Amino acid sequence: MIFLTALPLFWIMISASRGGHWGAWMPSSISAFEGTCVSIPCRFDFPDELRPAVVHGVWYFNSPYPKNYPPVVFKSRTQVVHESFQGRSRLLGDLGLRNCTLLLSNVSPELGGKYYFRGDLGGYNQYTFSEHSVLDIVNTPNIVVPPEVVAGTEVEVSCMVPDNCPELRPELSWLGHEGLGEPAVLGRLREDEGTWVQVSLLHFVPTREANGHRLGCQASFPNTTLQFEGYASMDVKYPPVIVEMNSSVEAIEGSHVSLLCGADSNPPPLLTWMRDGTVLREAVAESLLLELEEVTPAEDGVYACLAENAYGQDNRTVGLSVMYAPWKPTVNGTMVAVEGETVSILCSTQSNPDPILTIFKEKQILSTVIYESELQLELPAVSPEDDGEYWCVAENQYGQRATAFNLSVEFAPVLLLESHCAAARDTVQCLCVVKSNPEPSVAFELPSRNVTVNESEREFVYSERSGLVLTSILTLRGQAQAPPRVICTARNLYGAKSLELPFQGAHRLMWAKIGPVGAVVAFAILIAIVCYITQTRRKKNVTESPSFSAGDNPPVLFSSDFRISGAPEKYESERRLGSERRLLGLRGEPPELDLSYSHSDLGKQPTKDSYTLTEELAEYAEIRVK
């Protein structure tokens, strides 16, 4: 054991004051373990001129004034003491040498308090010194921990116990120090006021795991059963470490999501949830929950949790993946192209997971990709067959969306093989079928009559468009015996196409066989028959009512409102007669004309052998010469 001594200040003051005034010096406080002893060092002084033969002294407890009858701890004259101190107190010092050191044995808590010394030199030379010493009875060692213990920084923890009993010397040992370090006993130290302490030191580098650890010190006295223990909890400061957090989170659009972040630190950290630099929630706590109600694709992304205190910080991130059905695809690209050009169409969408993208045309798959957000359709040289409606369809396990778009391919007119002229009874119908984009203008040319009829002349030509196909119909009535040549010409901004319409039907073969003479004879017979029928109808109309029966078929003039005409509408008939004569290239006064709209016979439907077109295309203008 190492003993270190130092000369207390009050001993120096005593030496300097010899031959001076009344005065006493003792420690202001002193400690002792219960059941042990304590020696209270004391010295006093008085004027030299008194020169007493014998010096006596008295120790009082808790009061310096005799008139208050304080308990007497020790009295050199009579040895009469208070019952609490009987057998417990004796004077260690020599009063003649001005040493008033007091020894108290077997101390107990009731002996704790103030102790005053009174010098007695005889007669009136008695003096109670105001200086006193406070005795503290303790039961635990004093463990001294630095005010701040930081993880990773070496610290020194000391265990100090009073060592003021000359009869019993304490021995110190550390409890619960395993893994922290090996203790070192510094030895017995004398304090400034003359008291003694036993000190043991423990050096170690604390970790965050040492926070809250109970470190103990034990003082024991050999050859006794006296044993005292004291403990101190380690308050180790350390920076935050995030110890609890969600792994990557997948959630369906519209669902509820909870993100948890927990950190270990001392002191507790400031926890902050952030996304893209924006603070979503923060609090000083060990854990923090971020609640997301009805998540949307806009909330998909990376979320960061930041934990920080005065000693450092930590952060971690978690990815939130919001699963949702594809958005309605968008289509970018050329929607109008000229035949032969290259067309590139981009279909794109957004979904999670990425969708299957498919482009259809008329239920036929043209292109598809799997788990891609974009699909490029390349048509290297478009043709009219590529014109039409397309669909871009995006789908994943959460739903399906589709967008329709149209590709318009523009090209020069193409006259289709269905184009022809046909005869049925006294009617010749010329059908010009054109495929074109944009819609063409169609004209019928009759070279032998030096007449050209445009489709704009609705009186003579009926047109109907279906998709890219335009069907124009020119009807000539009364021309079946000698059908003229008809040339159909279609034109748009990309070009023009002409075709002499071929004649289909038995009448044309008949004219070729009988020759010109036969034709004249047949024509004369036809005129005679027509005149007979006309005269018969006129006689009948004179005798019959002007109203028509259900079976009658009055003549009808072609007009925008399909007006019914007869004898009262002579002016209208004459006007249309002139138009027909111009169309047919007739000269001189025409024969009697009856212009009718072929399909408007009241109460009757055309018979199947009256013409070769379908009923849909039979609404056309007819010109009939009688």
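Fair warning: this is a prediction, and the values are worked out from it, not measured in the lab. (Residues numbered from 1 in each chain as written. Predicted model: local features only at pLDDT ≥ 70, side-chain atom pairs only at ≥ 80, totals over all residues. Heavy atoms only, no water.)

J.: How should I be thinking about the overall build of the protein chain in this particular structure?
T.: Of the regular secondary structure elements, the protein chain holds three helices and 44 strands. In the protein chain, which comprises 626 residues, the share counted as buried stands at 43%. Surface accessibility of the protein chain: about 33400 Å² in total, with carbon and sulfur atoms responsible for 52%. (Helix = DSSP H or I, 4+ residues; strand = E, 2+ residues; numbered from the N terminus. Buried < 20%, exposed > 50% of the residue type's maximum accessible area, 1.4 Å probe, protein only. Areas by Shrake-Rupley, 256 points an atom, 1.4 Å probe, with all protein chains shown as cover.)

J.: It is not clear to me how the pairing of strand S9 (residues 113–120) should be interpreted in this structure. Could you clarify?
T.: Regular strands show a simple pattern: their side chains alternate between the two faces of the sheet. The buried fraction of S9 amounts to seven of the eight residues, a majority that puts the element mostly inside the structure. By the bridge criterion, seven bridges tie S9 to strand S10 (residues 126–138) in an arrangement that is antiparallel. Considered in S10, the bridge of Tyr116 is made with His132. Taking the residues between adjacent antiparallel strands as the criterion, S9 and S10 are bridged by five residues, where Gly122 takes a positive phi near 100°. (Pairing = 2+ DSSP bridges.)

J.: It is not clear to me how the confidence of the model for the protein chain should be interpreted in this structure. Could you clarify?
T.: Predicted coordinates in areas of low pLDDT are best not read in detail. Averaged over all residues, the pLDDT of the protein chain is 80; the fraction at 70 or higher stands at 78%. Throughout residues 506–515 the model reports pLDDT below 50, and contacts reaching past four residues in sequence, or to other chains, amount to 11 contacts. Counting contacts from residues 540–626, a segment whose pLDDT is below 50, to residues more than four positions away or on other chains yields 135 contacts. (pLDDT = per-residue confidence, 0-100. Contact = heavy atoms within 4.5 Å.)

J.: Can you help me understand the sheet that holds strand S23 (residues 278–284) in this one?
T.: Pairing between the strands of a sheet is mediated by backbone hydrogen bonds and can be parallel or antiparallel. The strand order S20-S26-S25-S22-S23 describes an open sheet built from five strands, whose pairing is mixed. Since the sheet does not close on itself, it has two edges, and those belong to strand S20 (249–252) and S23, each with one partner. On average, each strand axis in the sheet is inclined to that of its neighbour by 20°, with strand direction left out of account. Bridge count for S20 against strand S26 (residues 312–323) is four bridges, and the pairing is parallel. Pairing of Ile252 across the sheet is with Met323, part of S26. (Axes fitted to C-alpha atoms, helices over the stretch in contact; angles between N-to-C directions.)

J.: How do you make sense of the nonpolar core when you look at a structure like this?
T.: If you look at the biggest cluster of nonpolar residues, it comprises 28 residues, and the most contacted ones within it are Phe44, Trp59, Leu104, Tyr115 and Phe117. Breaking this core down by element, the ones donating at least two residues are strand S2 (29–33), strand S3 (38–40), strand S5 (56–61), strand S6 (72–75), strand S8 (102–104), S9 and S10. A per-element tally of this core places S10 first, with three residues. Ignoring any residue separated from it by four or fewer positions in sequence, one finds Tyr115 in contact with Met26, Ile40, Trp59, Tyr60, Phe61, Val73, Phe85, Leu102, Leu104, His132, Ser133 and Leu135. In this structure, Phe33, Cys159, Phe204 and Ala210 belong to the second largest nonpolar core, which totals 23 residues. (Core = buried A, V, L, I, M, F, W, Y, C linked by side-chain atoms within 4.5 Å.)

J.: Help me understand the pairing of strand S21 (residues 257–266), please; the structure alone is not making it clear to me.
T.: Of all 10 residues in S21, seven are buried, a share of seventy percent or more. Pairing of S21 with strand S24 (residues 287–292), which is carried by six bridges, proceeds in the antiparallel orientation. In the sheet register, Val257 faces S24, and the bridge partner there is Leu292.

J.: Just to check I follow, could you spell out unusual backbone geometry for this structure?
T.: A negative phi angle is the norm for most residues apart from glycine, just as the trans form is the norm for most peptide bonds. Of the consecutive residues Asn352 and Pro353, the connecting peptide bond is found in the cis state with omega at 0°. Topologically, Pro353 is positioned in the loop between strand S29 (343–348) and strand S30 (356–361). With an omega of 5°, the peptide bond running from Asn437 to Pro438 counts as cis. By secondary structure assignment, the location of Pro438 is in the loop between strand S36 (427–437) and strand S37 (441–446). Its identity is not glycine, yet Tyr69 carries a phi of approximately 50°, on the positive side. Residue placement: Tyr69 occurs in the loop between S5 and S6.

J.: What is the right way to read the environment of Thr317 from this model?
T.: Considering the arrangement of structural elements, one finds Thr317 in strand S26. Taking the C-alpha atoms as reference points, Thr317 and Cys261, separated by 56 residues in sequence, lie 9.7 Å from one another. For Thr317, the residues in contact, after removing those within four places along its chain, are Met245, Val302, Tyr303 and Ala304.

J.: Hey, could you run me through the state of the cysteines in this one?
T.: Disulfide: a covalent bond connecting the sulfur atoms of a pair of cysteines. Inspection of every chain in the model, using the stated rule, returns seven disulfides. There is a disulfide in this structure between Cys432 and Cys488, and the S-S distance comes to 1.8 Å. Sign of the S-S torsion, about -75° for the bond between Cys432 and Cys488, identifies this disulfide as left-handed. With a gap of 56 residues between them, Cys432 in strand S36 and Cys488 in strand S41 (residues 487–492) connect regions that are remote in the sequence. (Disulfide = S-S within 2.5 Å.)

J.: Hey, could you run me through the sheet that holds S8 in this one?
T.: Strand order in this open sheet of three strands is S3-S8-S7, and the pairing throughout is antiparallel. In this open sheet, the two edge strands, each paired with only one partner strand, are S3 and strand S7 (89–91). Strand-to-strand twist of the sheet, defined as the mean angle between neighbouring strand axes without regard to direction, takes the value 20°. Relative to S8, S3 is paired through three bridges, and the arrangement is antiparallel. Along S8, the bridge assignment pairs Ile40 with Leu102.

J.: Even after reading the chapter, I still don't get the packing of aromatic side chains, so can you show me in this structure?
T.: To describe a pair of aromatic rings, one takes the distance between the centres and the angle between the planes. Per the counting criterion, the structure on display carries 17 aromatic pairs. Ring plane angle 65° and centroid distance 5.5 Å describe the contact between Phe61 and Phe85, whose orientation is recorded as edge-to-face. Here Phe61 is found in strand S5, whereas its partner Phe85 is found in the loop between S6 and S7, with 24 residues between them in sequence. Like Phe85, Phe61 is buried. Here a set of aromatic residues connected by ring pairs shows up, and it is made of Trp22, Phe44, Phe46, Trp59, Phe117, Tyr127 and Phe129. The positively charged end of Arg98 is found above the aromatic ring belonging to Phe46, 4.1 Å away from the centroid. Of note, Arg214 hangs over the ring of Tyr231, and the distance from its end group to the ring centre comes to 4.5 Å. (Phe/Tyr/Trp six-rings, centres within 6.5 Å; stacked < 30°, edge-to-face > 60°. Lys NZ or Arg CZ within 6 Å of the ring centre and 35° of its normal.)

J.: Help me understand the pattern of salt bridges in this model?
T.: Proximity of charged atoms lets side chains of opposite charge pair with each other. According to the stated counting rule, one finds 12 salt bridges in the structure shown. Arg90 is the partner of Glu167 in a salt bridge, and the nearest nitrogen-oxygen pair spans 3.3 Å. Of the two residues, Glu167 is situated in the loop between strand S13 (155–162) and strand S14 (171–175) and Arg90 in strand S7; the sequence distance between them amounts to 77 residues. Across the salt bridge formed by Glu385 and Lys435, the nearest N and O atoms sit 3.8 Å from each other. Placement of the pair is Glu385 in the loop between strand S32 (374–379) and strand S33 (388–396) and Lys435 in strand S36, with a sequence separation of 50 residues. On the basis of relative accessible area, Glu385 is assigned to the exposed category, the value being 54%. (Salt bridge = Lys/Arg side-chain N within 4 Å of Asp/Glu carboxyl O.)

J.: How should I be thinking about a nonpolar patch on the surface in this particular structure?
T.: Side chains of Ile525, Ile529, Tyr532 and Ile533 sit close together on the surface and give an oily, nonpolar patch of about 410 Å² of accessible area. Here Ile533 lies in helix H2 (residues 506–543). (Patch = residues over 30% accessible without salt bridge, like charges linked within 9 Å, V, L, I, M, F, W, Y side chains within 5 Å.)

J.: How should I be thinking about the environment of Arg477 in this particular structure?
T.: Among the structural elements, Arg477 can be located in strand S40 (residues 469–477). It is 9.4 Å that separates the C-alpha atoms of Arg477 and Ala423, two residues lying 54 residues apart in sequence.

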